[in-house]
Amino acid sequence: MTSEERRVWQLCAQCGTRLPDDAPESSCPACGGLLEIQHPTPRELEPGGTGAAGLRARFDARCCMTGDGAGRSGVWRFADVVHPSATHPVSYPEGNTPLLERERVARWAGCEGLLLKHEGMNPTGSFKDRGMTVGVTQAVRVGATAVACASTGNTSASLASYAALAGVPALVFVPAGQIALGKLTQTLAYGARTLLVRGDFDACLTLARQASSALGVYLVNSINPWRLEGQKTIALELLQQLRWDPPDWIALPAGNLGNTAALGKALREAFGWGLIPRLPRLLSVQASGAAPFWESYTHDFSTRRAVQAQTLATAIKIGDPASWHRAVEAIRSTNGVVARVSDAEILEAKAVVDSSGVGCEPASAASVAGVRQLVRERVISPGARVVAILTGHVLKDPGILQSYHQEQEPRPALANRPHEIEPALGEVERILEHVREELREKS
Ligand code: F0G
């Protein structure tokens with residue numbers, strides 16, 4: 001095997017153009033198509049070596065490493081299959097998120113083996129940090145003078161933080177009035193130049209792509225292949241937490257489809273390289289008002305129609321997802337399923353996740369709502385081992401919480417209204433009695 005063949009390449013899925021891993025483009029310079037990172041297999045890397053077993057042992061040995069930066073990261077632990085030639089990672093560090101067992105959520109979903117992978121426990125509160133550490137590392141590596149993204153809020157918060165870590169100016173495009181308060185304020189706090197675009201996310205992405213090619217800023221949306229390499233580590237880390245014994249299903253919310261694409265790639269590679277003995281099935285869940293991918297899935301992906309997105313889960317309020325083709329590949333290659341759930345179902349799932357003490361943002365709860373739907377439809381068996389990805393933190397969207405718990409009429413079943421009281425013991429006693437009564441009724 002030549003050193004050429006051992007290299008990591010960026011490959012255009014559309015026209016076959018192949019670029020070295022240090023090329024500064026974030027999409028294909030020949031046709032504008034999306035690039036994909038191509039890794040050599042462990043056997044190609046180390047002919048006669050220990051292959052997948054050696055790779056697994058290396059990943060396991062790096063768990064919980066102490067010291068500074070990259071050694072402690074749940075992304076860079078997997079550097080061999082993410083970005084092997086990155087010598088100076090821009091790392092918070094990130095990843096190392098918990099895999100949780102919560103009986104209350106499992107019971108609600110009707111799936112006793114349900115586990116929650118809480119990506120909201122990343123440093124800026126969403127899974128985006130896993131892709132961003134790799135995207136910004138690559139930006140620095142190729143000498144970018146500014147970085148940019150379009151976002152529904154989480155990518156912008158993450159980019160703002162990592163750009164600050166790297167000392168590179170960041171420009172973010174977000175739909176004016178349509179991103180959650182926690183995300184907007186985070187983005188401002190970390191210091192990104194924030195453009196409130198009078199349009200939807202799809203308009204923001206078009207503008208960011210134009211700015212990238214016309215003004216030479218490095219785009220780190222999930223169309224950037226390095227972002228997806230980082231996001232693959234959600235799957236790699238959960239497989240490692242399960243001691244490389246894969247679950248039957250992995251459920252995740254879907255908007256721009258970068259994450260669906262990344263998880264599909266991670267699973268295909270992990271299976272192809274022998275890291276896992278079976279392929280889990282992907283369940284990609286959209287909000288009913290923003291479900292072009294679901295609609296296409298119901299026609300065996302023979303159609304593609306953009307929609308005017310409408311959902312209170314603003315993170316996934318996207319009508320024309322960019323990573324379409326690679327997400328189709330992810331669903332097909334994992335024998336996956338695409339589902340859609342209503343805003344009411346998302347809110348109910350969120351209230352269950354929240355009141356179990358875990359908490360997540362609205363879009364994240366779509367994964368749990370999707371699992372419940374598929375169990376009811378008997379596609380997922382109640383005894384299946386399922387991991388639902390919670391993509392963002394409960395504090396990302398305080399507006400939704402305030403409305404659900406304090407304002408909405410009629411009062412939602414799980415609303416937890418606060419009580420304003422006089423500073424008098426009698427008032428506390430009255431409320432405590434009320435709590436006890438409720439408990440008696442439930443038992
Ligand atoms: N969950 C959350 C919390 C998100 O922020 C996003 C996407 C998704 C799920 C869907 O992932 O787009 O890869 O299908 N947020 C992007 C952003 C669009 O700009 O923060 P996807």
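From a predicted model like this one, the values you see are computed outputs, not experimental measurements. (Residues numbered from 1 in each chain as written. Predicted model: local features only at pLDDT ≥ 70, side-chain atom pairs only at ≥ 80, totals over all residues. Heavy atoms only, no water.)

The next subject is the layout of surface pockets. By volume, the largest pocket is sized at about 560 Å³. Of all elements in the fold, only α12 (343–355) and α15 (425–442) reach the threshold of two or more residues within the lining of the largest pocket. Of the residues contributing to the lining of the largest pocket, the split by class is seven nonpolar, five polar and six charged. One number sums up the size of the second largest pocket: a volume of about 440 Å³. (1 Å grid on protein atoms, 1.4 Å probe; cavity = no way out; pocket = protein on both sides within 12 Å on 5 of 7 lines; lining within 4 Å. Points joined across faces, edges and corners; volume = space filled by probe spheres on them. Helix = DSSP H or I, 4+ residues; strand = E, 2+ residues; numbered from the N terminus. Nonpolar A, V, L, I, M, F, W, Y, C, P; charged D, E, K, R; others polar.)

Since the α-helix advances by 3.6 residues per turn, residues separated by three or four positions end up pointing in the same direction. Over its 13 residues, α12 runs 18 Å from end to end, which matches the ideal 18 Å to within 8%, given 1.5 Å per residue. Where α12 is buried, its residues meet α3 (103–109), β11 (281–287), β12 (337–341), α13 (362–376), β13 (385–390) and α14 (398–407). Where α12 terminates, the next one or two residues include G357, which has phi positive at roughly 90°. (Expected span 1.5 Å × (residues − 1). Contact = heavy atoms within 4.5 Å.)

Another aspect to go through is the sheet that holds strand β3 (residues 35–38). Read across the open sheet, the three strands follow the order β2-β1-β3; overall the sheet is antiparallel. The open sheet has two edge strands, β2 (18–20) and β3, and neither has a second partner. Adjacent strand axes in the sheet meet at a mean angle of 30°, parallel and antiparallel pairs treated alike. Where strand β1 (residues 9–12) and β2 come together, three bridges link them in antiparallel fashion. Its bridge partner lying in β2, W9 is registered against P20. (Pairing = 2+ DSSP bridges. Axes fitted to C-alpha atoms, helices over the stretch in contact; angles between N-to-C directions.)

Before going further, it helps to examine the site of the ligand. Around the ligand, the surrounding shell holds 19 residues, and the nearest of these are S151, T152, G255, N256 and T391. Here an oxygen atom of the ligand and a side-chain polar atom of N154 are 2.8 Å apart. Between the ligand and the protein, one listed contact pairs an oxygen atom with a backbone N or O atom of N259 at 2.8 Å. Isolated, the ligand exposes 470 Å² of accessible area, and the fraction of that covered by the protein chains is 99%. (Near = heavy atom within 4 Å. Polar contact = N/O pair within 3.5 Å; in protein donor to acceptor, adjacent residues only side chain to side chain. Areas by Shrake-Rupley, 256 points an atom, 1.4 Å probe, with all protein chains shown as cover.)

This model, assessed by the stated rule, comprises 24 salt bridges. Two residues, E361 and K183, come together in a salt bridge whose shortest N-O distance is 2.7 Å. Taken together, the residues E361 in the loop between α12 and α13 and K183 in helix α6 (residues 181–190) connect sequence positions 178 residues apart. Assigned by exposure class, E361 and K183 land together as buried. (Salt bridge = Lys/Arg side-chain N within 4 Å of Asp/Glu carboxyl O. Buried < 20%, exposed > 50% of the residue type's maximum accessible area, 1.4 Å probe, protein only.)

Strands pair in a sheet through their backbones, by hydrogen bonds, and they do so in one of two ways: parallel or antiparallel. Spatially, six strands are ordered β4-β5-β13-β10-β11-β12 in an open sheet, and the strand pairing comes out mixed. Edge positions in the sheet fall to β4 (99–100) and β12, since each of these pairs with one other strand and no more. Sheet topology note: the strand β10 (residues 249–253)/β13 ladder contains three bridges and is parallel. Looking at the pairing, A251 lines up with A388 of β13. Strands in contact with α12 are β11, β12 and β13; relative to β12, the strand with the most contacts, it is inclined by about 95°.

What follows deals with helix α8 (residues 225–241). Here α8 contains 17 residues, and its C-alpha end-to-end distance of 25 Å stays within 8% of the 24 Å for a straight helix at 1.5 Å per residue. Most of α8 is tucked away, with 16 of its 17 residues classed as buried. The backbone nitrogen of W226 has a side-chain oxygen 2.9 Å away, supplied by the residue at the start of α8, namely N224. Backbone geometry just downstream of α8 places R243 in the positive-phi region, at approximately 55°.

As a further point, take the packing of aromatic side chains. Inspection of every chain in the model, using the stated rule, returns five aromatic pairs. With centroids separated by 5.4 Å and ring planes inclined at 85°, the aromatic side chains of F293 and W324 adopt a geometry described as edge-to-face. In this pair, F293 is assigned in helix α10 (residues 292–298) and W324 in helix α11 (residues 324–333), connecting sequence segments 31 residues apart. Taking relative accessible area as the criterion, F293 reaches 0% and is therefore assigned buried. Here W324 falls in the buried class, since its relative accessible area comes to 3%. Through a chain of ring-to-ring contacts, the aromatic side chains of F293, Y297, F301 and W324 assemble into a single cluster. One residue, R7, lies across the ring of W9, its end atom 5.3 Å from the ring centre. For the cation-ring pair, R18 lies above W9, with the distance from its terminal atom to the ring centre recorded as 3.8 Å. (Phe/Tyr/Trp six-rings, centres within 6.5 Å; stacked < 30°, edge-to-face > 60°. Lys NZ or Arg CZ within 6 Å of the ring centre and 35° of its normal.)

Attention now moves to empty space enclosed by the protein. Counted according to the given criterion, the structure contains four cavities of 30 Å³ or more. Considering only enclosed or pocket space, the largest cavity measures out at about 300 Å³ in volume. If you go around the largest cavity, you meet 25 residues; those closest to its centre are F127, K128, N256, A315 and I318. Mapped onto the lining of the largest cavity, the elements with two or more residues apiece are α5 (154–166), α8 and α9 (258–272). Sorting elements by how many residues they give to the lining of the largest cavity places α9 first, with three residues.

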